[in-house]
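# Fold and contact review
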Amino acid sequence: MAAASEKVGIDLHGGHHHTGRRLRQLLHPSGRRIHVAGSPDEHERLKAKLVASEPDQNFDVCVHGSPEHLAAVREIHSHHEQRRDELRQEFPDQYTHFENVHQQLDLLSNELRTLTARGVSLDANFSKFGYDAHLRTRDPDSSASSTTLGPAGEVEERDWDAERLQGTALRFWKTPVVRQYFHRGLLWRAQESEEVASYELFVDLLYVGIIAIIGDTAAENATRFGFLQFLVTFILSWKMWNDLTLSISSFENDDIFRRISVLFVMICLFGYTLNIVEAFESTWTMLVAFYLAQRLFNCIYYLQVGYLLPIVRGTMIFAAVSIIVPSALWIGSVHLEYPQRLPLVWIAIVIDLFGQQSMMFFTRPEWKRFPRFKKLADTWFDFYPAVNIEHKTERTNAFVTLVFGYSVVSLLFQNNAAFGINAFFGKAVLGLVQAFSFNWIYFEIDACNIHTHAIRRHVGSSITWVTIHLPFIMAFVLAGASLSRLVLVHDCINTDPETLGENYIGRSEPEIPIGLRWFYCGGLGTAL
């Protein structure tokens, strides 16, 4: 009986019980050791180390999540299932009793882990505000400690490492780290979630003014020329915002240099904004200069990352080239007059918007059917930095919120009548209802009952979701800017311009210009 129980116990508990940790070493039924590397880079280092330390060469090295790793785990799992079935047939009573005990232990272990996780969370939050959360459980395998109760009395342990890290000063420079990347069809990403940094929100404050200036300029000049100027200036400002979001999402380097870089981009944005209104008249050179300053700064950053991180060097060089080529076209546009510069401008815009994204097609399996493209992809694009989906969607939603906010603020005007419930007020309320409905549709109705986000579902839906936001945002800004002028038009009853504030009387027109009709109706229809 004892021998039987011991044999069953070895079968069921022959390995350690890991909770949320990867198995770094497996033992094959043949006796061969299988070492698991956490990344392709670690694979090479681990293999070289094992070759030197284990001369018998009785081992294999595979990357976690690779087909080799999956096949080995399945083979070992099948072997132990076969041993379990043999034990069940040889010792049925003892196996059933032991299995019941094992299930009870699993239930209690899960409860202990749940209590420990709650304790860590409570301790972290209570300690932040000067309190202590006393919980008498502790997971010995957990890196974060909580309060424990030993046989000799209560012993309090605090996560001093975490608290000490919170008080650590920022370094001026840290080597960038790729947050997530694709490698041979697998997505490798950091375990910790990426939060929106405070300086990203500060940049959004500047874009409140940028959106207002571009939209108001288009509404004041509701012509084909004004529409063309709106398209060019808005696309360039969007590209500068998208570049900043992409670099922050792709690379982790929480240091002072990152914040100085963000400040430099904001200075370029500030200078760019000051030259929007007269861009097609007299300030085109300054507008392009500030735009190129930000773009070439990004180019230097990509080349620096490629030099420091060899695994993504090919993709970083491609990104830098996709900036240098249109930059030459932008410089050429400075030396041409309007409208001769427009062909160079639109070619440069297309390359700016889609040049860097085209790199992902080299990693698609369809291209790898051709030997030449496969060799090129395996040499230069074996590692492809990926965008953090949660961060990307959150930042895009924040920008859409800025656009909705602009459409609401643009409706505001000052009343000069004793009783100000008139047609001006009614049109402004209808505009508010319109903005509220769009916000409702975008954030709640469109996101309701969706199991998988479009950006995560498929490469086609991902590209569509990312690309379609630019025309959607531009169309809604154009409609919102036009609506701010439509509200003040005195073309119907109960719209006496004298009831408006002094600063708004001059902006009230007797009828709606045809250009504003096109801007409002076309923008609203496109956004829908």
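Structural data are supplied above this passage.
Keep in mind the model is a prediction, meaning the values are calculated, not measured. (Residues numbered from 1 in each chain as written. Predicted model: local features only at pLDDT ≥ 70, side-chain atom pairs only at ≥ 80, totals over all residues. Heavy atoms only, no water.)

### Quick look at unusual backbone geometry
Leave glycine aside and you will find that most residues have negative phi; peptide bonds, for their part, are mostly trans. Along the chain, tyrosine 338 connects to proline 339 via a cis peptide bond; the corresponding omega equals 10 degrees. Within the fold, proline 339 resides in the loop between α10 (313-334) and α11 (342-354). (Helix = DSSP H or I, 4+ residues; strand = E, 2+ residues; numbered from the N terminus.)

### Section: the sheet that holds strand β10 (residues 383-385)
Across the sheet, three strands lie side by side as β8-β7-β10; this open sheet has antiparallel pairing. Each edge of the open sheet carries a strand with a single partner, namely β8 (186-189) and β10. Strand after strand, the sheet turns through a mean of 30 degrees between neighbouring axes, direction not considered. (Pairing = 2+ DSSP bridges. Axes fitted to C-alpha atoms, helices over the stretch in contact; angles between N-to-C directions.)

### Digging into the side chain of arginine 485
Its place among the elements puts arginine 485 in helix α16 (residues 459-486). With relative accessibility at 14%, the residue arginine 485 sits in the buried group. Look past the residues within four positions of arginine 485 in its chain and what remains in contact with it is Ala219, Glu220, Arg507, Glu509 and Leu516. (Buried < 20%, exposed > 50% of the residue type's maximum accessible area, 1.4 Å probe, protein only. Contact = heavy atoms within 4.5 Å.)

### Some details on the environment of asparagine 422
One can find asparagine 422 in the loop between α13 (389-409) and α14 (423-445). C-alpha separation for the pair asparagine 422 and isoleucine 493, spaced 71 residues apart in sequence, amounts to 9.0 Å. The residues contacting asparagine 422, other than those within four sequence positions of it, are Asn415, Asn494 and Thr499. Within the structure, asparagine 422 has its side chain in polar contact with the backbone nitrogen of phenylalanine 425 (distance 3.1 Å). (Polar contact = N/O pair within 3.5 Å; in protein donor to acceptor, adjacent residues only side chain to side chain.)

### Re the pattern of salt bridges
Tallied over the entire structure, the rule returns eleven salt bridges. Three or more residues are tied together by salt bridges with common partners; here these are Lys239, Asp243, Arg295 and Asp352. (Salt bridge = Lys/Arg side-chain N within 4 Å of Asp/Glu carboxyl O.)

### A word on the packing of helix α7 (residues 224-250) against α11
At a closest axis distance of 11 Å, the pairing of α7 and α11 adopts a crossing angle of 30 degrees. Handedness of the α7/α11 crossing: left-handed. Residue-level contacts link Leu228, Leu231, Val232, Ile235, Leu236 and Lys239 of α7 to Leu342, Val345, Trp346, Ile349, Asp352 and Leu353 of α11. Its residues placed into classes, the contact of α7 with α11 shows ten nonpolar, no polar and two charged. (Left-handed = near helix turned anticlockwise from the far one by under 90°. Nonpolar A, V, L, I, M, F, W, Y, C, P; charged D, E, K, R; others polar.)

### As for the pairing of strand β3 (residues 59-63)
Within β3, four of the five residues are buried, which leaves the element mostly enclosed by the surrounding structure. In this fold, strand β2 (residues 33-37) hands off to helix α2 (residues 40-53), which returns the chain to β3; that crossover is right-handed. (Right-handed = clockwise from strand over helix to strand, strands pointing away.)

### What about α13?
Because an α-helix completes one turn every 3.6 residues, residues spaced three or four positions apart along the sequence face the same direction. In this model, α13 (21 residues) spans 30 Å end to end at C-alpha, consistent with the 30 Å of a helix rising 1.5 Å per residue. In this structure asparagine 388 caps α13, since a side-chain oxygen of it lies 3.3 Å from the backbone nitrogen of glutamate 390. (Expected span 1.5 Å × (residues − 1).)

### Examining a nonpolar patch on the surface
On the surface, a cluster of nonpolar side chains totalling about 490 Å² of accessible area is made up of Leu303, Ile317, Val321, Val325, Leu376 and Trp380. Within the residue set of the nonpolar patch, elements represented by two or more residues are α10 and α12 (371-380). Mapped onto the elements, valine 325 comes out in helix α10. (Patch = residues over 30% accessible without salt bridge, like charges linked within 9 Å, V, L, I, M, F, W, Y side chains within 5 Å. Areas by Shrake-Rupley, 256 points an atom, 1.4 Å probe, with all protein chains shown as cover.)

### Remarks on the sheet that holds β3
Read from one edge to the other, the open sheet built from three strands follows the order β1-β2-β3, with strand pairing classed as mixed. Each of the sheet's edge strands pairs with one partner strand only, and the pair in question is β1 (25-27) and β3. Strand-to-strand, the axes of this sheet are offset by a mean angle of 25 degrees, without reference to chain direction. Here three bridges tie β1 to β2, and the two strands are oriented antiparallel to one another. Residue pairing across strands places leucine 27 opposite arginine 33, the latter belonging to β2. The strands that α2 touches are β2 and β3; relative to β3, the one it contacts most, it runs at about 170 degrees. Of the strands in this sheet, β1, β2 and β3 are in contact with helix α3 (residues 67-90), which crosses β1 at around 45 degrees.

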